[in-house]
Amino acid sequence: MVLNLEVRFSRRAVLLAAGGLLVGCSEQPEGDKVHLRLATGPAGAVYRRIGGALAEHISEQVPGATVTTVPSGASTDNIRMLRAGEVHLGLTSLDALITTDGSAPEGLSAICRLYDSHLHLVVMAGSAIDEFRDLEGKRVSLGARDSGTEFTSLRVLKLGRVNADGRYLSQAESAAALRGGEIDAMFSLTGVPTPAITELAQRHPIRLIPLDAQADALFTAYPGPYTPAMIPATAYAGVPATRTVAVPNVLLVRNDLPDDLVYAITDTIFTHTGTITSASRDDAEAVPEAWQINVRTGISTASVPLHPGAAAWFRDRKR
């Protein structure tokens with residue numbers, strides 16, 4: 001079902017909210033109510049947790065706004081739902097968003113860059129797979145269909161000329177299948193640490209396969225969204241630091257959302273970031289990726305344009 005995107009939110013209410021003057025006020029005229037849907041990701045994924053944290057945060061800080069999360073396959077599924085008008089906001093990895101000519105899909109823009117995901121290639125500790133090329137003919141989870149993991153892992157395999165027996169599983173499903181011997185390896189493009197891999201490593205010894213050569217290949221073939229990176233030794237129990245590739249994640253929005261509303265959302269994400277990060281440090285459902293959210297990197301969305309409301313907020317911030 002396509003959503004009605006004609007939201008009603010008075011300019012005065014939005015501007016007061018952006019200025020922090022109405023935070024905590026519970027009584028708003030019905031005409032100032034706006035109900036938004038935010039596409040997140042599958043079970044066991046960071047997208048699910050950080051999307052939930054953002055939805056709760058925006059609902060609490062922008063008076064009259066309620067944000068509901070929508071589970072999904074992740075990046076490309078979220079882009080599809082945004083373009084179809086099924087959701088108003090969505091998370092995506094930058095490489096899945098930028099087309100081959102360097103542009104973003106029509107009708108969509110960015111609110112901000114949030115955090116970077118790292119490509120994990122996980123095997124059990126006793127696996128015979130020691131390097132990337134050993135994936136030839138092996139049973140490998142490529143992530144859920146329409147996910148950023150699927151998008152990036154297929155690129156990596158194609159560039160490396162490796163033919164794997166691909167399976168399409170969510171992160172939680174991949175971890176369970178790897179533990180049960182149903183697959184030989186799993187890709188996961190996600191924040192560090194990610195819940196599904198953390199839980200697997202706590203119960204069974206695992207290894208991460210280095211992807212430094214694959215990072216170089218991606219950077220050369222697709223300039224823009226990729227950078228070499230390191231998964232630190234502190235990320236997963238018993239796993240040493242491992243070289244890989246990182247991809248930025250952005251919060252997308254449909255272009256037809258009012259500028260003032262997007263301005264208020266942008267303001268509350270950056271002005272009250274401490275609310276998310278402080279809660280994350282003590283919460284069992286921690287979202288450490290929220291610690292990466294900051295104004296300096298938030299504006300860096302590559303060739304993806306900022307929504308006019310977000311652009312106005314960043315301009316005002318510089319004054």
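For the structure, check the block above.
Predicted model only: the values in this text are computed from it and were never measured. (Residues numbered from 1 in each chain as written. Predicted model: local features only at pLDDT ≥ 70, side-chain atom pairs only at ≥ 80, totals over all residues. Heavy atoms only, no water.)

Visitor: Provide a residue-level description of the pattern of salt bridges, including the pertinent values.
Guide: Pairing is possible between side chains of opposite charge, provided their charged atoms come close. Going through the model one piece at a time under the given rule, you end up with eight salt bridges. Here Arg207 ties to Asp130 by a salt bridge, and the two come within 3.8 Å at their closest N and O atoms. Linking Arg207 in strand 8 (residues 206–208) with Asp130 in the loop between strand 4 (108–124) and strand 5 (139–141), this pair joins segments that are 77 residues apart in sequence. On the accessibility criterion, Arg207 (23% relative accessible area) is partly exposed. Judged by its relative accessible area of 51%, Asp130 falls in the exposed class. Glu131 is paired through a salt bridge with Arg133; the nearest N and O atoms lie 3.0 Å apart. Three or more residues joined by partner-sharing salt bridges are found here, namely Asp77, Arg80 and Glu86. (Salt bridge = Lys/Arg side-chain N within 4 Å of Asp/Glu carboxyl O. Helix = DSSP H or I, 4+ residues; strand = E, 2+ residues; numbered from the N terminus. Buried < 20%, exposed > 50% of the residue type's maximum accessible area, 1.4 Å probe, protein only.)

Visitor: Go over empty space enclosed by the protein, please, and point to the residues and values.
Guide: With the rule as written, the count across this model stands at one cavity of 30 Å³ or more. The space that makes up the largest cavity amounts to roughly 150 Å³. Lining the largest cavity are 23 residues, with Ala74, Ser147, Thr149, Gln171 and Leu189 positioned closest to its centre. Residue contributions to the lining of the largest cavity peak at three residues, all from strand 7 (residues 185–190). Within the lining of the largest cavity, the residues separate by chemical class into ten nonpolar, 13 polar and no charged. Residues lining the lining of the largest cavity come from more than one domain, with at least three contributed by each of domain 1 (34–114 + 249–317) and domain 2 (117–247). (1 Å grid on protein atoms, 1.4 Å probe; cavity = no way out; pocket = protein on both sides within 12 Å on 5 of 7 lines; lining within 4 Å. Points joined across faces, edges and corners; volume = space filled by probe spheres on them. Nonpolar A, V, L, I, M, F, W, Y, C, P; charged D, E, K, R; others polar. Domains from an automatic or database assignment.)

Visitor: Describe the nonpolar core, and please don't skip the residues or the numbers.
Guide: Ile111, Phe132, Leu135, Phe187, Leu251 and Ile269 are the most contacted members of the largest nonpolar core, which totals 72 residues. Per-element tally for this core: the top contributor is strand 4, with nine residues. No fewer than three residues from each of domain 1 (34–114 + 249–317) and domain 2 (117–247) sit in this core. Beyond its immediate sequence surroundings of up to four residues, Phe132 is in contact with Leu121, Val156, Leu157, Gly160, Val162, Phe187, Ile209, Leu211 and Gln214. Listed in part, the 19 residues of the second largest apolar core include Leu178, Ile183, Ala235 and Tyr236. (Core = buried A, V, L, I, M, F, W, Y, C linked by side-chain atoms within 4.5 Å. Contact = heavy atoms within 4.5 Å.)

Visitor: Break down the pairing of strand 2 (residues 65–70) for me, citing the residues and quoting the values.
Guide: For strand 1 (residues 34–39) and strand 2, the ladder comprises six bridges, and the chain directions are parallel. Bridge pairing links Leu36 to Val67 in strand 2. Each parallel crossover has a hand, and for strand 1 linked through helix 2 (residues 46–61) to strand 2 it is right-handed. (Pairing = 2+ DSSP bridges. Right-handed = clockwise from strand over helix to strand, strands pointing away.)

Visitor: So what's going on with helix 5 (residues 148–160)? Which residues, and what values?
Guide: Look at helix 5: 18 Å from first C-alpha to last across 13 residues, which is about the 18 Å you get at 1.5 Å a residue. Considered for burial, the residues of helix 5 that qualify are Gly148, Thr149, Glu150, Thr152, Ser153, Arg155, Val156 and Leu157. Looking at the buried side of helix 5, the elements it contacts are helix 3 (75–84), strand 3 (89–93), helix 4 (94–97), strand 4, strand 7 and helix 8 (212–221). Positive backbone phi, at 55 degrees, marks Arg161, one or two positions downstream of helix 5. (Expected span 1.5 Å × (residues − 1).)

Visitor: Describe the packing of helix 2 against helix 9 (residues 259–271), naming the residues involved and giving the relevant values.
Guide: The packing of two helices is summarised by the inter-axis angle and the distance between the axes. For the pair helix 2 and helix 9, the least separation of the axes is 10 Å and the interaxial angle reads 110 degrees. By the angle class used here, helix 2 and helix 9 are roughly perpendicular. As helix 2 packs across helix 9, the resulting crossing turns out to be right-handed. Facing Leu54, His57, Ile58 and Gln61 of helix 2, the residues of helix 9 in contact are Ile265, Thr268 and Ile269. When its residues are assigned to classes, the contact of helix 2 with helix 9 shows four nonpolar, three polar and no charged. (Axes fitted to C-alpha atoms, helices over the stretch in contact; angles between N-to-C directions. Parallel < 35°, antiparallel > 145°, perpendicular 65-115°, else oblique. Left-handed = near helix turned anticlockwise from the far one by under 90°.)

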